[in-house]
Amino acid sequence: MYNQQPQKDLVSAALTAALGAGIVTTFAVGQGQHPAQGLIITALAALLGVACYHWDLF
C-alpha cells in the first residue's frame, strides 16, 4: 500500500559526492597538486558516494 523504500536517485548521489570532492581538489590543484590526481580523487569520491547510497551504508 505504501512505498516503504523511496526511489534511489544514484545520479544525484554521484553529483553531490563529486561536487563536494571537486571543491576540495580544486583548492589542492591550485596549491600545486597534479590535475589528474584531483580528477581521480573526485571520481573515487563519486563512486564511493554512489556505493554508500545504493547499499544504505550511511
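Note that the coordinates shown come from a computational prediction; the quantities given were computed from them, not determined experimentally.

**Q** Help me get a handle on the overall build of the protein chain, residues and values and all.
**A** Assigned secondary structure in the protein chain consists of two helices and zero strands. Across the 58 residues of the protein chain, 14% fall into the buried class. Of the roughly 4700 Å² that the protein chain leaves accessible, carbon and sulfur atoms contribute 72%.

**Q** Provide a residue-level description of the side chain of Thr25, including the pertinent values.
**A** Along the polypeptide, Thr25 turns up in helix α1 (residues 10-30). Here the side chain of Thr25 touches Gly22 through a polar contact of 3.3 Å, landing on its backbone oxygen. When residues no more than four places from it in sequence are discounted, the contact partners of Thr25 are Gln33, Gly38, Ile41 and Thr42.

**Q** Residue-level account of a nonpolar patch on the surface, with values.
**A** Residues Leu19, Ile23 and Val24 make up a contiguous nonpolar surface patch of roughly 330 Å² in combined accessible area. Within the secondary structure, Leu19 sits in helix α1.

**Q** I'd like a description of helix α2 (residues 35-54), backed by residues and values.
**A** Between the first and last C-alpha of α2 there are 29 Å, a value that for 20 residues agrees with the 28 Å anticipated at 1.5 Å per step. Taken together, the buried positions of α2 are occupied by Gly38, Thr42, Ala46 and Cys52. Around the axis of α2, the buried residues are gathered within 130° of arc, so they sit on the same side. For α2, the exposed residues set more than 90 degrees away from the buried face come down to Ile40, Leu44, Leu47 and Leu48. For α2, the secondary structure elements touched by its buried residues are α1. Asp56 sits one or two residues past α2 and shows a positive phi near 50°.

Cut-offs used in this document
- Residues numbered from 1 in each chain as written.
- Predicted model: local features only at pLDDT ≥ 70, side-chain atom pairs only at ≥ 80, totals over all residues.
- Heavy atoms only, no water.
- Helix = DSSP H or I, 4+ residues; strand = E, 2+ residues; numbered from the N terminus.
- Buried < 20%, exposed > 50% of the residue type's maximum accessible area, 1.4 Å probe, protein only.
- Areas by Shrake-Rupley, 256 points an atom, 1.4 Å probe, with all protein chains shown as cover.
- Polar contact = N/O pair within 3.5 Å; in protein donor to acceptor, adjacent residues only side chain to side chain.
- Contact = heavy atoms within 4.5 Å.
- Patch = residues over 30% accessible without salt bridge, like charges linked within 9 Å, V, L, I, M, F, W, Y side chains within 5 Å.
- Salt bridge = Lys/Arg side-chain N within 4 Å of Asp/Glu carboxyl O.
- Expected span 1.5 Å × (residues − 1).
- Arc of directions from axis to C-beta.

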